Structures are given as structure tokens and as C-alpha cells.
Amino acid sequence: MNCSEVHDRLSAYHDNELSSDESALVSAHIAECSSCAVELASFERLSALSRRLTDPPVPKHIWEELQPKLAEPTETLKLPTWFLSNHLTSKHLALAATVLIAFGVGVLSYFNLTLHLDHDQHLAMNFSQYLEEFSEQPDTAQQILLTKYDGRPTTLQEATRVLGYEPVAARGLPEDCVLDKVYLLNMPCCTCAQVMCKNKEGQSIAIFEHAIDQPVWFGDKPKVECLCHDTPTSVTQIGNRLAATWKEGERYITIIGATDLDEVTEFVAHFQETSPAKSL
Amino acid sequence: MKSASTRRIEPLAASNSGEGMLAWVDMQEAAAVAEACQQGDPVAQRRLYDVSHQNVYRLIVRMVGLQDAADVTQQAFLQAFRKINQFSGRSQIGTWIYRVAVNEALQHLRKRKRRHFEALEHEPMDRSAASRENMDDKELLEQALAQLDPELRSAFLLREVEGLSYREIADALEIPEGTVGSRLNRARLELKQHLSEQGWGS
């Protein structure tokens, strides 16, 4: 073994993670090579120093604040305050407070949705089924949509041609998100692009882009209105995941399956920052 | 010709506490607690927290800085309990907790960078020393760690402070086991360089 090969294995040797054969080869080299021996000795000193690091005392309030959150059910949503406590950090709460001051009381409220149109009711129903399935089985949920709305898999290029505009996802996805699939759906309102992606944890997130606002998508689920990256965004809870809608340029973006409000904000920020209008 | 080599099985050299992973009395209890947590048992949740919070907190303090550590630790446990059904039992519950904690910390760092909430890198853990001249070696190491790339930092901390094996680190960081050694090599070389510049070992 030469010095370079020994250097590549030095951590593994020092940590007793080499096979006995390899370890013997490294030992033999180090016995003969003073520079590699010095290198190894420095790793040993660094480890000794690391072992002396002092543990910081854990603040008691971590558990005290965590406990009530754990006791709350995750399946049902009763009050916006509950929703906020689970999904928003103290920074967000400060932000929400600012929003309330700026726009007055009433920003945070339930939407009373009145559904009169048949197709709206139909849409709400299909989406509630989709949303219920989504958090547990995104693939099954997808089949529901494709069946109901004559959906078909496509590519971003084809979607651009059919829709007459480039879907936002064509400008790239937020960091750590990877494109999974693209679909075209014939919704009652318009032909709609649906892009499926996976976040870092491998969870599916659906991105819908549509020409008109679709409050009925979320049926009578309670929503909160907040500012994500300074953009008015409606957020609702689906199981233990979030769905959010906001306006991007002339169209509306809806994402379903975000882990928390931070992830929603990442999407809002990303699509805004990559907007062609921004570069003008 | 590849010989049938056996891995040396030796106790872990690292870890502050000398307890290796987390302070479980026995692994059967760990498995039972994990299962009870999956049923939402509050007593088991408390037990898991009690056993792991010191390890998780010290890791997160060094990942995100003291100021945000409590929030990120709380979020990490909240995620761990919410997603505990995703824990398959193939890995140890301790490794899995570390994975959630590292993910939360890295996610927090990315968001902080993106939002430009804080323009400065986080302060080293111990700020009591006002000048480098007064810093002892431990403080120098805390400072060097704070400047290390977060991916390298997490590998180094899991090895040197938490005492994880390479297989456990690979599991916690979701990287191939073969990558762990090279990450630790880079981490150690960069830390040594930073420390030497501050006069360590001279």
C-alpha cells in the first residue's frame, strides 16, 4: 500500500472499520512511513479532543412544549389555533401576528364555502376522495384523478404545447425535490397540468396549475390565510400533510402533500424567484 | 484473489458517555419502546425522549447553533413521533432518531440560508471567550466545527461525539457505507487545518 491508498483509508483504519486484511496492510505501511504515522497521530489527538467536548444542558421547555403537541390528534382539525401551533414555528407566529396587525382582524378565518354549481360539488367530492387517499397512498389517489378527469401521463414539453404556456415546474423544482411524473387532466374548468415530485424524504408532492381559483378543491376543510414569502397563500391540512394555493403570475398553483409551512414557503419562493416576470 | 476477511468486532472507541449509541439498557427495551410509540403510547414517547434527547440536542446545537437548537430539537422529536410508523425496525430506533434529527437540522440550515434571516454563520457553542487568544482547545474545536460543511459536520459528530459505527452513520445519513470513511477523512482534514491555523498542537 502506498501513502495515497493509506490516506484514503486512514479514517476507517483509525475507527477500526477496515477488514483485518486491509488493517494489517495499513499498519505495515505506517510502521515504515513517518508522515502517515504523524497523520494518524493527529487523527488520534482530534478524537481525544472531541471526547472532551462538553454537553450543553438541554432546556427543560423542549419537552414541556412538545408534550401538548403530541397529545393532540393529528387526524382532525378543529381550530385554526391548533393548526398554527402544530405547523408554525415562533417565527411564523410572529409573522402571522404582523399580518393580523397589517390587515386587521379577520384575515385568519374559516372560508364558508357555498357550493351551488353541480360541477363544483362534483369537483369538491372527487378531490376530497383524492385528498383522503393522498397522504396514505399517493398512487391510488392518482388513479382516482386520472379516471375521473380523463387524465393521461405526459411530458413537460407536451404539456407546454397543449396548454399554451409553460408549467411552472418546467423552470425547475425547489432544491432537493425531484420530478417524478407529469399528467394532463381535463377538468371542468380547464385543462390542468399536474406535476408529481418527491421531496428529500421521498414523499410525494403534487403540483397543480390552473387558470382559475379553485376553493372547492378543498371542500369545507378549514383553511388559514397566510403570507408565504410575502405571497397571500391559502393553506389547509390534509391528514398530517398540507395543501396550499397561491397566485403565481396569471395562474393559480396548488400544491398537495407538503410536510409543513416551511416547505410550502420553499415552493412559493422558488416559483417566484424563477418567474420570467421577475427577470424583466 | 479476495480472501474471506472478517471484520474486527471491537467496542467503539468514541462517545462522550461511553455508552455508544443511545443510553438503552437493552435493545429489547428499545424495540418495545419503538413499537409502543407507533401505537401512540405517551409513556413510551416520554421514554424515547428521555433516552435520546441529550444526544439529539447536543448534535443539533452543533449543527444549527445554540440560538435555534431548542426549536429544531422540538421539531425533530415532533417529526420523529409523527413519522414513527415509517420506522421499519430494520435499523435501530436510535439510528432512526439521529436520521430525523440530522434531516431537521440540514433542512433548517437550508431554509435559513434561503431566507437570509441570519446573514451570519451561527456562533460557536460557547461564546464566553471573547478572543481567540483566550480560547482553549475545546473552544477552538467548537469554532472549527461551526465552520465545517454541514454534511461533513454531521458525519464527524455522529462518529466522534455520538460513537456510531460506519454502518449506523450510513443509515442515519442515508449514504452508502463506503462514503462514510471519505466524509470523515475530509472532515478531519478540514478541522485539523482550521485548528492548526489557530495554533492547535503548536
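Notes on the structure in this doc start here. (Residues numbered from 1 in each chain as written. Chains lettered and ligands numbered in written order. Predicted model: local features only at pLDDT ≥ 70, side-chain atom pairs only at ≥ 80, totals over all residues.)

Section: the sheet that holds strand E4 (residues 204-210) of chain A
Residue and element names in this part refer to chain A. To keep it simple, the criterion reads: A strand pair is defined by DSSP finding two or more bridges across the two strands. A helix here means a DSSP run of H or I that spans at least four residues, while a strand means a run of E at least two residues long, and both kinds are numbered starting from the N terminus. Comment: axis = line fitted to C-alpha atoms, over the contacting stretch for helices; angle = value between 0 and 180 degrees taken between N-to-C directions.
Pairing is antiparallel in the open sheet, where 8 strands are placed in the order E1-E2-E3-E4-E8-E7-E6-E5. Each edge of the sheet is formed by a strand with only one pairing partner; in this case those strands are strand E1 (152-154) and strand E5 (223-228). The average undirected angle you get between the axes of adjacent strands in this sheet is 25°.

Structural notes on the interface of chain A and chain B
Quick reminder of the rule: The contact criterion used here is simple: two residues whose C-beta atoms, placed from the backbone, lie within 7 Å are in contact. Three classes are used: nonpolar for Ala, Val, Leu, Ile, Met, Phe, Trp, Tyr, Cys and Pro, charged for Asp, Glu, Lys and Arg, and polar for all others, with Gly counted as polar.
Taken together, the contacts link 42 residues of chain A with 45 residues of chain B. Within the residue set of the side of chain A that touches chain B, elements represented by two or more residues are helix H1 (3-14), helix H2 (20-32), helix H3 (34-51), helix H4 (61-71) and helix H10 (261-273) of chain A. Within the side of chain A that touches chain B, the residues separate by chemical class into 15 nonpolar, 14 polar and 13 charged.

What about the packing of helix H2 (residues 42-64) of chain B against helix H6 (residues 150-160) of chain B?
All names here are of chain B. The condition that has to hold: What sets the label is the angle itself: under 35 degrees gives roughly parallel, over 145 gives roughly antiparallel, 65 to 115 gives roughly perpendicular, and the rest give oblique. Left-handed describes a crossing whose near helix is turned anticlockwise from the far helix through less than a right angle; right-handed describes the clockwise counterpart.
Put simply, H2 and H6 touch, their axes get as near as 10 Å, and they point 155° apart. Between H2 and H6, the crossing angle belongs to the class labelled roughly antiparallel. Every pair of crossing elements has a handedness; the one defined by H2 and H6 is right-handed. Seen from H2, the contacting residues are Leu59, Arg62 and Met63; seen from H6, they are Pro150, Arg153, Ser154 and Leu157. Residues that form the contact of H2 with H6 fall into these classes: 4 nonpolar, 1 polar and 2 charged.

Brief notes about H10(A)
Going by this rule: Expected helix span is computed as 1.5 Å times (number of residues minus one). Whether a residue is buried, exposed or partly exposed follows from its count of other C-beta atoms within 10 Å of its own C-beta, namely 20 or more, 12 or fewer, or something in between, respectively; the C-beta atoms are built from the backbone.
With 13 residues, H10(A) extends 18 Å between its outermost C-alpha atoms, agreeing within 8% with the 18 Å of an ideal straight helix rising 1.5 Å per residue. Of all the residues in H10(A), the buried ones are Leu261(A), Asp262(A), Glu263(A), Val264(A), Thr265(A), Glu266(A), Phe267(A), Val268(A) and Phe271(A).

Notes on the pairing of E4(A)
All names here are of chain A. Taking burial as the measure, the 7 residues of E4 include 7 buried ones, the bulk of the element. What you see with E4 is no split at all: Ser204, Ala206, Phe208 and His210 on one side and Ile205, Ile207 and Glu209 on the other are buried throughout. Pairing geometry for strand E3 (residues 191-198) and E4, over 6 bridges, is antiparallel. Bridge pairing in E4 links Val195 to Ile207. The sheet contact formed by E4 and strand E8 (residues 251-258) spans 5 bridges and is antiparallel. What sits directly across from His210, in E8, is Tyr252.

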